[in-house]
Every structure is written in C-alpha cells, then in structure tokens.
Amino acid sequence: MCGIIGYVGPRKVVPVIIEGLRKLEYRGYDSAGMAIIEAGKLVVVKKRGKLRELEEAVRGNAYEATTGIGHTRWATHGRVEDRNAHPHMDCKGEIAVIHNGIIENYQTLRSDLIKKGHAFSSETDTEVIAHLLEEQVDAGRDLLDAVRGTAHQLQGAYAFLVVASRFPGRVIAVRNLSPLVLGVGDGEMIFSSDTPALLDYTHRIVPLHDGDVVEINDRGYFFYALEDGHAFTRAPMIVQWSAASAEKQGYKHFMLKEIYEQPVVIRDTLYGRFDVATGRVDLKEFADSPVPERISIVAAGTSYHASRVGKYLLEQLARIPTEVSFSSEYRYQQPIVQPGTLGIAVTQSGETIDTLAALRLQRQLGARVVAITNRPESSAVRESDVSFITQAGIEIGVAATKSFMAQLIAFYLMAISFGQRKGTIDQEASLRLGGELAGLSQKCEQVLEYVGVMEAIARKFYQVHDMIFVGRGVNYPIALEGALKMKEISYIHAEGYAAGELKHGPIALLEQNVPVIGLLPRGPLYEKVYSNLQESNARESPLVILAESTDATAQGLASDFIPMPIVGELFSPVLYTVPLQLLAYYTADRKGLDVDQPRNLAKSVTVE
Ligand code: F6R
C-alpha cells in the first residue's frame, strides 16, 4: 500500500525516484509524486494517475537535485486527485512529506492546526504531518527533533519520509508499523518501502524496526530511537536477489513470468529440506521444538487459501488438529490458544498488517509462532519465534502466483516432517510421499505446456459475467484461489465452492452463460465431484474440467477438457492451480486489462 522512496547521494535524484517508483508501483498506482531540493528550494511535482503522468510532468526539466523523495499512492483518505497525491507540504512550501499508512487521529490534529492558522490543501491524513513539522521547525528545532516531536503526536500506522529546503542534503524517515527498508550503497543511501527498488544500487539493506528514526545524508546513515532520541546503529544484511529478477525478462507481464517460474520455485523451496532417497523431511526451523499438539493458522487472501490446503495436509498426514482464520477476523473472534499450540502466520510479503496483528496476538496468548514468508527482511520474520522462508524470489505481479506455490510446498514439508516425527507417516509412506514431492516440479513444467489450451478457453469465455469454480477436499481451497485470481485481474464475478455445496443454493445461478470449472483429480472424492459436475451439466452450464489425461469419462462430460498429469490426490493442488492461474491471466489479457496492476488493489496491504 503506497510505495515510498528517498535518496541522498551523488546521482541526479529525479531518475532515481522515477525508477524506484516504477519498481514500487505494484504497491499502489492511483497517483505519483516527488519532492526534491533544487538549488536550495523545495520543488514538488505530483500527478493523479499512473507513474507515466509524473514522468511526463518532469520530462524536459534539467533538474540537478541529488536529494529527494517520491511516492506512489494507493488512496485511503481523499479522492484520487492531484491535490491528494503525495508529497504534502507545510504552509510555506518548505517541508515535504510522503507517507504510507493511516494517521488515525488526523481529524483532531487537523482541527487543532486549522485553529492555529494552518491552511490545508488536501483531504488526506498525511498533510497534518507537514504542518506539525512546520510548528516544530518554527519553534527552532532541528529537522531530526522536529520529526521525533511530530511522530510523538501521531496515532496509527506510518512510515514517512521528510525533506526540507532549510535542511538540504538530508532525508529523515520514521517507521511505526508500516514497512520501510534502508539501502546502504557506496556513498549513497536510499530508503524504500520494499527491497526490489534498492537492488540497482546495493544489496546491503537495513530493515527499519518500529520506533526507528533514521537520517541519511552525505556522511552515511544514523539511527535514533523515536522514544528518547538516543543514537544507535543497525548492521546491514545482504540480500541475494538480483536486480534482473525484478524485471519482466521478455514476458508480457510479471504475472506470466511468475507463473512460468513455478517449477523452479518448487525445486528451490524443497532444496536441502528433504532426502529424495528416503523421503525424510528435515526442517531445521523446528528441530528444537516438539511436534505441536494443535495448530492455528492466520493469513489473508491467497495466503489464506494456501493455509486451507495446509490444514488439510497437517490433519491428514500428521493428524494435528488445525484451524485456519482470516487474519483480519482472528483478533475479533476472542481466540482460544491452548497449551501446545503452534501459531502459523502465512504471508508472502511479511508486512500484511492484519496478519502481523494476528501473529502478535497469537504470541501474546502464549503460542509459539512460525512465520511462513517469502521475505527474510520482513516484519513477520522479526516478530515471530521462528520463520520458514519460502524460495519464490521477488514477486511483483499484484496477483500472487508463485508465492502461493511456495507456500503450498512449505505446508507439504511441514505436514510430512511432523507426521514422520509423530509416527503417523511410516517409512513406506515416506518413500511414497517423497516420490510425489520429487516429481512435482517436472509435472508442473508439463502443465505449463497447456498455455495454448488455457488461452483458447479464455478466448471463449472472456465476456461472461460469472464463473463458478468447484473442487472438494484438498482442492476446495484451489477452487477458492482460482475464483480469486479470476475476479481480481479480469473483474469477472467468480465464486469458488465446495462441489457438494452447489446443490444447497449456488446451483440456482447456473445457466448456459455461467461456466463451471471443475477440479476432478482421481482420489476418494472422484465419484462425488463427478456427480456434482453432472448436476451442473444438466443445468446447461459449460463445463471446463481438469482431470487426469487418461480420464475418458471426465473428457466425455467436459465441454473443455484440461488433461492433467497423474499425481496423488493429496498433491494435486500444486498442479491444478496452474491452469487456473493461466485462465485468469489470459482472460484479463484478452479483455485488455492491466494484469500486473489490477484496479483498486495493492500487493502489500499495510492498512487494516
Ligand atoms: C491475491 C493476493 C492477496 C494477498 C493478500 C495477503 O492475489 O495477492 O490476496 O495474498 O493480500 O498478502 P500476504 O501474503 O503478503 O500477506
């Protein structure tokens, strides 16, 4: 939610900001803006719309500035208009602020400031920060103290950056609950909401913690405690990602590239964690702790769907009672955490605020908590007892694909490892399960060969208004995920149902313009799902069926048949997910929609 960037160094700052915002645009793309210190004066340029509007606005200006901040917005307070775009300024136009988060007490602060004579030019919560800073600076404080004095008055979640013409060559940042990372380059320093935007400059990063105030200037970077102002330091960590991994590398969209990366993601997430010869899974993350007696998972969106598969696996394979909650609901359901409970927070970004809040509550209630996350530098890692880092690499497409795949693999590994340690999985079963795990990457490559088939189905159905996805058992969450992918990027109303539930109401929706996409792998539920699909067929819905390539019965029933590799039912989610991602992708692309930046969404949801 909102991307922020700030730079001090030898380079001209305008291209640094534009390129940084391009990498952060997935976080929000309603408007973009920048503030630079040009010849001792503050220059602010901001535009509603995508980044190209801002680029257009600064094109042709020979700015020499080497200090500046930039912002790409996902609107919370105030409509999408130029005046509500960041940066926001004080009355004199000398101080500029960009902000990610929500200032909860902004209304009170705003009326107090108006009483003191401040004039506001936007509807945002952020603008109060600029005017509060003005008060502090007018009282004779240095910018650093002014930032601390201002932050003490704010309630809510924020990461904000400040520049001021009276204090050239300095950018000051504060973090409370919203993500912010510092990149430490050679003679240059850069702040960003997220790591990929830093990789062109440095691989040495320092994630900010809550309550950190950081100044960057031509002498380096300086940490201070928000609380009492004492100076301290944090050592940089090295991130391994390459700058090229945050590029499209010839693919039309990031989402398509990321779908294609899944076989490698499966391999990388399995790597070093299980022995193909014996099927034994060893997770060093859990080596020091007993097998949990029960598990409570919190997650949002796509990560929630992976968690629903996880519940199935943990219960089936390790016989551990497992509950899954939306992280946004968890806090409000008065959760009960019994002794022996392992909390699991599943979050690609490691920064989803609802999931972080749920994680904190789990710990407060006495659970040991593991974060399953794709981001080693994230808040989720810092705030949990132990973390399981998935190896999906940087995911830029707003619709999560490869990170979901990595989360699924993490759950297979955990469930098998707990099952082996508990004795619910014997040696023979270990070998069978290990064999399945080892074959997944290659089978996933096979599924990716159906691109043409999925493109053709998308061509056929891209104009429908509704779609129904059905699956049962371990594939019910995959039906939910297929529907989520479809609605978020193609804007087609799509629902996922447990196939057996269709007859309890949703069947009323079925008619010839409502395709049903059915997940029909071989397994104990095969006959049941088959009957449910027949019921849909009788209502004239076109039937797209994903089933084993040799399944002539399914092929006979389907209006469109997706031939899937043979795989044990328990492992089918890994493969059956992929055609659904491709279907959503090609449907949205066919509709001419912006696949990587769908309307109203943001990749990392850092507001409640
Ligand atoms: C959907 C999607 C979102 C995220 C959700 C949680 O494609 O990407 O639903 O899954 O916002 O994000 P993380 O996993 O970062 O906590």
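Just so it is clear, the model here is predicted, and its values are computed rather than measured.

*Asks:* For this particular structure, what's the right way to read the overall build of the protein chain?
*Replies:* For the protein chain, the helix and strand inventory stands at 18 helices and 25 strands. For 608 residues, the compact-globule estimate of 2.2 N^0.38 gives 25 Å, and the protein chain sits close to it at 25 Å. Each principal axis of the C-alpha atoms in the protein chain carries an extent, and together these give about 80 × 55 × 45 Å. The proportion of buried residues among the 608 residues of the protein chain is 62%. Taking as baseline every contact in the protein chain between residues at least 6 positions apart, the subset at least 24 positions apart corresponds to 71%.

*Asks:* Honestly, empty space enclosed by the protein in this entry has me stumped. Any pointers?
*Replies:* Which parts of space are left empty comes out when a probe the size of a water molecule is rolled across the atoms. For the structure shown, the criterion picks out three cavities of 30 Å³ or more. Of the pockets and cavities examined, the second largest cavity occupies roughly 70 Å³. The wall of the second largest cavity is formed by C2, R73, W74, A75, T76, H77, H86, H99, G101, T124, D125 and T126.

*Asks:* Mind showing me how you'd approach the nonpolar core here?
*Replies:* Nonpolar side chains in soluble globular proteins tend to end up buried together. Judged by nonpolar contacts, the single largest core of 88 residues is most densely connected at I344 and F418. Counting residues domain by domain, this core receives three or more from each of domain 2 (248–425) and domain 3 (448–597). Residues contacting F418, with those up to four places away along its chain left out, are F286, V291, P292, I295, L314, A318, I320 and L342. One finds I18, Y29, L198 and I394 within the second-largest nonpolar core, a separate group that totals 34 residues.

*Asks:* Looking at this model, I keep getting lost on the site of the ligand. Mind explaining?
*Replies:* Close contacts around the ligand come from 14 residues, with S303, T347, S349, T352 and E488 the closest. Within the side chain of S349, a nitrogen or oxygen atom sits 2.6 Å from an oxygen atom of the ligand. Contacts to the ligand include E488, whose side-chain N or O atom sits 2.4 Å from an oxygen atom. The fraction of the free accessible surface of the ligand (410 Å²) that becomes covered by protein chains is 91%.

*Asks:* Whenever I open this one, the pattern of salt bridges confuses me. Can you help?
*Replies:* Side chains that differ in charge, positive against negative, can pair when their charged atoms come close. This structure, assessed with the given rule, holds 38 salt bridges. Between R170 and E215 there is a salt bridge, and its shortest N-O distance comes to 2.6 Å. Here E215 lies in strand 12 (residues 212–217) and R170 lies in the loop between strand 7 (156–164) and strand 8 (171–176), a separation of 45 residues in the sequence. The shortest N-O distance in the salt bridge between D212 and R234 comes to 2.9 Å.

*Asks:* Looking at this structure, I do not really get the environment of V516. What am I missing?
*Replies:* Structurally, the position occupied by V516 is in strand 23 (residues 516–520). Separated by 21 residues in sequence, V516 and N537 place their C-alpha atoms 8.7 Å apart. Those residues in contact with V516 that sit more than four places away from it in its chain are I468, V470, L510, L533, S536, S541, P542, L543 and V544.

*Asks:* Whenever I open this one, the sheet that holds strand 22 (residues 493–498) confuses me. Can you help?
*Replies:* Note: strands within a sheet are paired through backbone hydrogen bonds, in either parallel or antiparallel orientation. Sheet architecture is open: five strands sit in the order 22-21-23-24-25, paired in parallel fashion. Lying at the two open borders of the sheet, with one neighbouring strand each, are strand 22 and strand 25 (560–564). Here the average twist between neighbouring strands, direction ignored, is 15°. Looking at chain direction, strand 23 and strand 24 (residues 543–548) are connected through five bridges and run parallel. Counterpart to I517 in the pairing with strand 24 is V544. Seen against the sheet, helix 16 (residues 526–538) touches strand 21 (466–471), strand 23 and strand 24 and runs at an angle of roughly 165° to strand 23.

*Asks:* Looking at this structure, I do not really get the sheet that holds strand 4 (residues 67–73). What am I missing?
*Replies:* Spatially, 3-2-4-1-10-9-11-15 is the arrangement adopted by the eight strands of the open sheet, whose pairing is antiparallel. The open sheet has two edge strands with one neighbour each: strand 3 (41–48) and strand 15 (237–238). Sheet topology note: the strand 2 (residues 31–38)/strand 3 ladder contains eight bridges and is antiparallel. Note that in strand 3 the partner of S31 across the bridge is R48.

*Asks:* For this particular structure, what's the right way to read the packing of aromatic side chains?
*Replies:* The way to describe two aromatic rings as a pair is by their centre distance and the angle between their planes. Enumeration over the complete set of coordinates arrives at 10 aromatic pairs. Seen from their ring centres, F223 and F232 are 5.6 Å apart, and the 55° between their planes marks the pair as tilted. With 4.8 Å between their ring centres and 15° between their planes, Y412 and F571 make a pair best called stacked. In this pair, Y412 is assigned in helix 12 (residues 402–422) and F571 in the loop between strand 25 and helix 18 (572–590), connecting sequence segments 159 residues apart. Note on F571: relative accessible area 2%, which makes it buried. One aromatic cluster is present, formed by Y221, F223 and F232 through successive ring pairs. A cation sits over an aromatic face here: R522 above Y526, 4.6 Å from the ring centre.

*Asks:* Sorry, what's going on with the environment of Y221 here?
*Replies:* Among the structural elements, Y221 can be located in strand 13 (residues 220–225). The exposure class of Y221 is buried, given its relative accessible area of 18%. Each C-alpha atom of the pair Y221 and I4 lies 18 Å from the other, and the pair is 217 residues apart in sequence. Not counting the four nearest positions on each side in its chain, Y221 is found in contact with L182, V184, M189, V206, E215, I216, T233, R234, A235 and P236. A distance of 3.0 Å separates a polar side-chain atom of Y221 from the backbone oxygen of R234.

*Asks:* Help me understand the pairing of strand 1 (residues 3–8), please; the structure alone is not making it clear to me.
*Replies:* In the case of a regular strand, side chains alternate between the two sheet surfaces. The element strand 1 is extensively covered by neighbouring structure, given that six of its six residues are classed as buried. Residue alternation in strand 1 divides its side chains into two sets, G3, I5 and Y7 and I4, G6 and V8, and both sets are buried. Bridge analysis of strand 1 against strand 4 gives six bridges, and the strand direction is antiparallel. Paired with I4 across the bridge in strand 4 is H71. With four bridges connecting them, strand 1 and strand 10 (residues 189–192) associate as antiparallel partners. Residue pairing for strand 10: G6 is matched across the bridge by F191.

The rules behind each value
- Residues numbered from 1 in each chain as written.
- Predicted model: local features only at pLDDT ≥ 70, side-chain atom pairs only at ≥ 80, totals over all residues.
- Heavy atoms only, no water.
- Helix = DSSP H or I, 4+ residues; strand = E, 2+ residues; numbered from the N terminus.
- Rg over C-alpha atoms; globule rule 2.2 N^0.38 Å.
- Buried < 20%, exposed > 50% of the residue type's maximum accessible area, 1.4 Å probe, protein only.
- Contact = heavy atoms within 4.5 Å.
- 1 Å grid on protein atoms, 1.4 Å probe; cavity = no way out; pocket = protein on both sides within 12 Å on 5 of 7 lines; lining within 4 Å.
- Points joined across faces, edges and corners; volume = space filled by probe spheres on them.
- Core = buried A, V, L, I, M, F, W, Y, C linked by side-chain atoms within 4.5 Å.
- Domains from an automatic or database assignment.
- Near = heavy atom within 4 Å.
- Polar contact = N/O pair within 3.5 Å; in protein donor to acceptor, adjacent residues only side chain to side chain.
- Areas by Shrake-Rupley, 256 points an atom, 1.4 Å probe, with all protein chains shown as cover.
- Salt bridge = Lys/Arg side-chain N within 4 Å of Asp/Glu carboxyl O.
- Pairing = 2+ DSSP bridges.
- Axes fitted to C-alpha atoms, helices over the stretch in contact; angles between N-to-C directions.
- Phe/Tyr/Trp six-rings, centres within 6.5 Å; stacked < 30°, edge-to-face > 60°.
- Lys NZ or Arg CZ within 6 Å of the ring centre and 35° of its normal.

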